[in-house]
Amino acid sequence: MSNPLFVGIDIGSKKNYACFLNSSGDRVTHSLPFDNNLPGAQSILSSILSLAKTHSFDSISIGLEATSVYNSHLVNFFFFSQDLSPFNPQIYVINPKLIKGFKKSYPDLPKTDDIDAFVITDRLRFGRLPASAKVDLPYLSLRKLTRARFHLVQNLSREKCFFLTNLFIKFSTYAQYKPFSDTFGATSTSIITSFSTEDLVSMSLEQLISFIIQKGKNRFQNPNLIAQELKKIAADSYRLSSKMKESIDIVLSSILENITTTQAQIKRIDKAILKELAGIKHTLLSVPGIGPVSAAGIIAEIGNISSFKNQAALAKFAGLVWNKHQSGNFQAEETHISKSGNRYLRYFLVEAANCLRLHNPVFNDFYSRKYQKSNKHHHKRALILCARKLVRLIYSLLQSKKLYESPKKSS
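Residues numbered from 1 in each chain as written. Predicted model: local features only at pLDDT ≥ 70, side-chain atom pairs only at ≥ 80, totals over all residues. Heavy atoms only, no water.

Trainee: Outline the sheet that holds strand S4 (residues 59–65), listing residues and values.
Mentor: Across the sheet, 5 strands lie side by side as S3-S2-S1-S4-S5; this open sheet has mixed pairing. For this open sheet the edge positions go to strand S3 (27–35) and strand S5 (90–94), each flanked by a neighbour on one side alone. Pairwise comparison of adjacent strand axes, ignoring direction, gives a mean angle of 20 degrees for this sheet. Here S4 runs beside S5; their pairing, made up of 5 bridges, is parallel. What sits directly across from Ile62, in S5, is Ile91. Here helix H2 (residues 72–79) sits on the sheet and contacts strand S1 (4–10), strand S2 (15–21), S3, S4 and S5; the angle it forms with S5, its principal contact strand, is near 165 degrees. (Pairing = 2+ DSSP bridges. Helix = DSSP H or I, 4+ residues; strand = E, 2+ residues; numbered from the N terminus. Axes fitted to C-alpha atoms, helices over the stretch in contact; angles between N-to-C directions. Contact = heavy atoms within 4.5 Å.)

Trainee: Could you give an account of the environment of Ser294, naming the residues involved and the relevant values?
Mentor: Locating Ser294 in the fold gives a position in helix H12 (residues 292–302). Its relative accessible area of 12% is what places Ser294 among the buried residues. Sequence separation between Ser294 and Glu198 is 96 residues; the distance between their C-alpha atoms is 45 Å. Aside from chain neighbours lying at most four places away, what touches Ser294 is Phe348, Glu351 and Ala352. (Buried < 20%, exposed > 50% of the residue type's maximum accessible area, 1.4 Å probe, protein only.)

Trainee: Lay out helix H3 (residues 96–103) in plain terms, naming residues and giving numbers.
Mentor: Residues Ile99, Phe102 and Lys103 constitute the buried set of H3. Down the axis of H3, the buried set is contained in an arc of 100 degrees. They therefore lie on one face. In H3, the exposed positions that point more than 90 degrees away from the buried face belong to Lys97 and Lys100. Looking at the buried positions of H3, the neighbouring elements they touch are S4, S5 and helix H4 (113–126). (Arc of directions from axis to C-beta.)

Trainee: For the packing of helix H5 (residues 137–170) against helix H11 (residues 242–277), give the residues involved together with the corresponding values.
Mentor: Two packed helices can be described by the angle between their axes and the distance between those axes. Where H5 meets H11, the closest approach of the two axes is 9 Å, and the angle between their N-to-C directions is 160 degrees. On the basis of their axis angle, the class for H5 and H11 is roughly antiparallel. As H5 packs across H11, the resulting crossing turns out to be left-handed. (Parallel < 35°, antiparallel > 145°, perpendicular 65-115°, else oblique. Left-handed = near helix turned anticlockwise from the far one by under 90°.)

Trainee: Residues and numbers for the pairing of S4, please.
Mentor: For a regular strand, the rule is simple: side chains alternate between the two faces of the sheet. Counted residue by residue, S4 has 7 buried out of 7 residues, so it is predominantly covered. Where burial is concerned, the two faces of S4 agree: the one with Ser59, Ser61, Gly63 and Glu65 and the one with Ile60, Ile62 and Leu64 are both buried. Sheet topology note: the S1/S4 ladder contains 6 bridges and is parallel. Directly across from Val7, in S4, lies its bridge partner Ile62. One crossover worth recording links S4 to the parallel S5 by way of H2, and it is right-handed. (Right-handed = clockwise from strand over helix to strand, strands pointing away.)

Here's what the structure looks like:
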């Protein structure tokens, strides 16, 4: 009969707490605090090994709550420990939602680090856990890069929204007329930062056309029409006080600097992603519509595909599943997607699905059919269903290591 030791660790940026239970749920010893650094990890490992020897434990399960980056070093430390290997260690990184829900079964427990460690350990003992953690070294560097890119893209989106908000203050009708296809293009931003509404109104049409041709490097087909629209924008926009003009110009210029810097950082990250991706064998780029960045993000988050028993498990990991809502004879027609999975993987899957609907005939047809069947949220629903379809394709390609083959059209 097996004799397992369960170790639950409450993670903090500076201090961790470990609780130790046997299979009956009894404490083997009191909870132990230890520093979240290498000496602290070494000390708790010594305690675990000492308890295993004293009580003749033959297996060890270690559970940690998922806490951003603060548990990463400890997971790696336990995973690669040769001293733990005789005990067939299983290391689990548990979703905080599972711990929070489990703690509700103990309504009288206070909130302390010691108690939190106990709840994690007891949840570990009860089982029904996610797959044990695997440290996939080839994917760690790529994962850092793709997650950093995700962070930069989110920042870029926020900066652009902030810019457009302030642009309304300076040129209140700019967004209505949309004189340029890209508001953040070089010519558009030059107009915004160089002139006030009064400047554009008083300028001659010829001067403005000349400015547009110069900044646009003579690429616009009809600079005359653009100049007329800009003068209309200036005439219809609200007027600002001289003090307000100065402030808004400083704000817009500062935001544009942030946007330019962030775009340069994304390009730098993209080059590093391509370099890391080149060292990983895969066939995702054989799918028309999947680019290197999306492929890298998907591969980095999935890691070794053998960790997932089927495509449904991969979809659950990404959070691309829908929870049923049924009671008696009632069956909800609209159900919400579960967002408890890996948000990075879900993001890259949805981004890839959006490209596929534009460049891949199979996904374009699938998207169109789902779009037409939707009663509301047409685009969003059809796109998410495309991402779910993509999960099945990715699982198949990564498992078989075969190139993508477009389905043959029936004659």
